[in-house]
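One letter stands for each residue in the lines below.
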Amino acid sequence: MTGEITVQPPLRSICVYCGSSKGNRPDYLEGAQSLGRLLAESRIRLVYGGGSIGLMGSMAGACLDAGGQVTGIIPHFLDRLEVGMEGLTEIEKTESMHERKQRMAELSDGFVVMPGGLGTLDETFEILTWRQLQLHDKPIVLLNIAGYWDLFVHLLEHQVNEGFVKPAHLDLFQVVDTPEQVIPALARQPADRGDIRSKWT
Ligand code: AMP
């Protein structure tokens with residue numbers, strides 16, 4: 001089956017996980033803004049954490065400025081800390097972080113991971129493990145700006161080599177280098193994705 005692809009149903013809403021900081025390289029900020037604009041131009045709604053700071057805020061602002069639709073999902077307690085973004089198309093306030101992540105996942109047809117910190121890692125591992133458990137079958141793409149996720153991929157390869165992660169589970173996500181590659185990657189799925197469970201043995 002290697003090399004075959006199936007096409008996903010239309011991508012209406014995409015969830016992007018990304019840092020509440022801007023990082024130390026201009027590439028991160030430029031990448032976040034490009035992705036926001038590309039989603040707007042593709043008429044794909046952006047679903048994200050609702051904050052106005054860091055890469056999150058810059059991406060949402062660029063998407064809105066380009067005429068895009070943006071849904072922010074933020075817990076009440078973080079609304080003030082992360083300075084909830086003004087002018088979003090839609091904002092949902094949740095009681096907890098768990099409810100926030102659940103709603104972000106429910107509302108989205110796929111997931112993109114931008115550079116980010118501990119919160120981004122938490123969100124990434126959760127959506128990967130939910131797919132590993134077949135709780136969803138939505139595409140997950142890591143946007144590897146400036147090689148930011150190389151060490152993450154090496155960690156997972158180390159886990160495979162040491163016998164704690166099945167080799168097939170490296171197919172749970174794709175890695176791309178530029179914002180322009182994100183939407184085409186989301187539109188592709190490995191043809192054998194339904195066989196993930198059979199590869200557990
Ligand atoms: P960070 O990657 O740490 O800059 O955070 C990015 C996003 O993840 C922000 O919207 C944070 O609210 C969220 N976040 C931070 N810490 C956590 C956590 N422990 N669990 C889930 N999300 C988090």
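See the structure above.
Remember, predicted model here, so these are calculated numbers, not experimental data.

Thresholds applied
- Residues numbered from 1 in each chain as written.
- Predicted model: local features only at pLDDT ≥ 70, side-chain atom pairs only at ≥ 80, totals over all residues.
- Heavy atoms only, no water.
- Core = buried A, V, L, I, M, F, W, Y, C linked by side-chain atoms within 4.5 Å.
- Buried < 20%, exposed > 50% of the residue type's maximum accessible area, 1.4 Å probe, protein only.
- Helix = DSSP H or I, 4+ residues; strand = E, 2+ residues; numbered from the N terminus.
- Contact = heavy atoms within 4.5 Å.
- Patch = residues over 30% accessible without salt bridge, like charges linked within 9 Å, V, L, I, M, F, W, Y side chains within 5 Å.
- Areas by Shrake-Rupley, 256 points an atom, 1.4 Å probe, with all protein chains shown as cover.
- Salt bridge = Lys/Arg side-chain N within 4 Å of Asp/Glu carboxyl O.
- Disulfide = S-S within 2.5 Å.
- Near = heavy atom within 4 Å.
- Polar contact = N/O pair within 3.5 Å; in protein donor to acceptor, adjacent residues only side chain to side chain.
- Nonpolar A, V, L, I, M, F, W, Y, C, P; charged D, E, K, R; others polar.
- Pairing = 2+ DSSP bridges.
- Right-handed = clockwise from strand over helix to strand, strands pointing away.
- Axes fitted to C-alpha atoms, helices over the stretch in contact; angles between N-to-C directions.

A. The nonpolar core, seen in detail. If you look at the biggest cluster of nonpolar residues, it comprises 31 residues, and the most contacted ones within it are Val-16, Leu-35, Leu-39, Leu-46, Tyr-48 and Met-114. Counting residues per element, the ones that place at least two in this core are β2 (13-17), α1 (26-41), β3 (45-48), α2 (54-65), β7 (140-143) and α7 (182-186). The element best represented in this core is α1, accounting for six residues. Excluding residues within four positions of it along the chain, Leu-35 makes contact with Val-16, Met-59, Val-112, Met-114, Leu-143, Pro-179 and Val-182.

B. Looking closely at a nonpolar patch on the surface. A surface patch of nonpolar side chains, amounting to about 320 Å² of accessible area, comprises Phe-77, Leu-81 and Met-97. Positionally, Met-97 belongs in helix α4 (residues 97-106). Residue classification places Met-97 among the partly exposed positions, given a relative accessible area of 35%.

C. Focus on the state of the cysteines. For the structure on display, the rule yields zero disulfides. Of all cysteine sulfurs in the structure, the one in Cys-18 sits closest to Cys-15, which takes part in no disulfide; the separation is 9.3 Å. Overall, Cys-15 belongs to the buried group, its relative accessible area being 0%.

D. Highlighting the site of the ligand. Taken together, 16 residues are adjacent to the ligand, and Ser-20, Glu-82, Gly-117, Gly-119 and Thr-120 come closest. Measuring from an oxygen atom of the ligand, one finds a side-chain N or O atom of Arg-100 at 2.9 Å. Elements with a minimum of two residues in the shell around the ligand: α4 and α5 (118-132). A per-element tally of the shell around the ligand places α5 first, with five residues. When grouped by side-chain class, the residues that make up the shell around the ligand number five nonpolar, six polar and five charged.

E. Representation of the pairing of β3 in the model. Inspection of the sheet shows β2 paired to β3 by three bridges, in the parallel sense. Paired with Ile-14 across the strands is Leu-46, a residue of β3. With respect to chirality, the unit in which β2 leads through α1 into the neighbouring parallel β3 is right-handed. As paired elements, β3 and strand β4 (residues 70-75) share three bridges and run parallel to each other. Note that in β4 the partner of Tyr-48 across the bridge is Gly-72.

F. Fine view of the sheet that holds β4. Spatial strand order, β5-β4-β3-β2-β6-β7-β8: seven strands in an open sheet with parallel pairing. The outermost strands of the open sheet, each flanked by one partner alone, are β5 (90-94) and β8 (174-176). For this sheet, the mean inter-axis angle between neighbouring strands, taken without regard to orientation, is 25°. For β7 and β8, the ladder comprises three bridges, and the chain directions are parallel. Bridged to Val-141 within β8 is Gln-174.

Any functional reading would require information that these geometric values do not contain.
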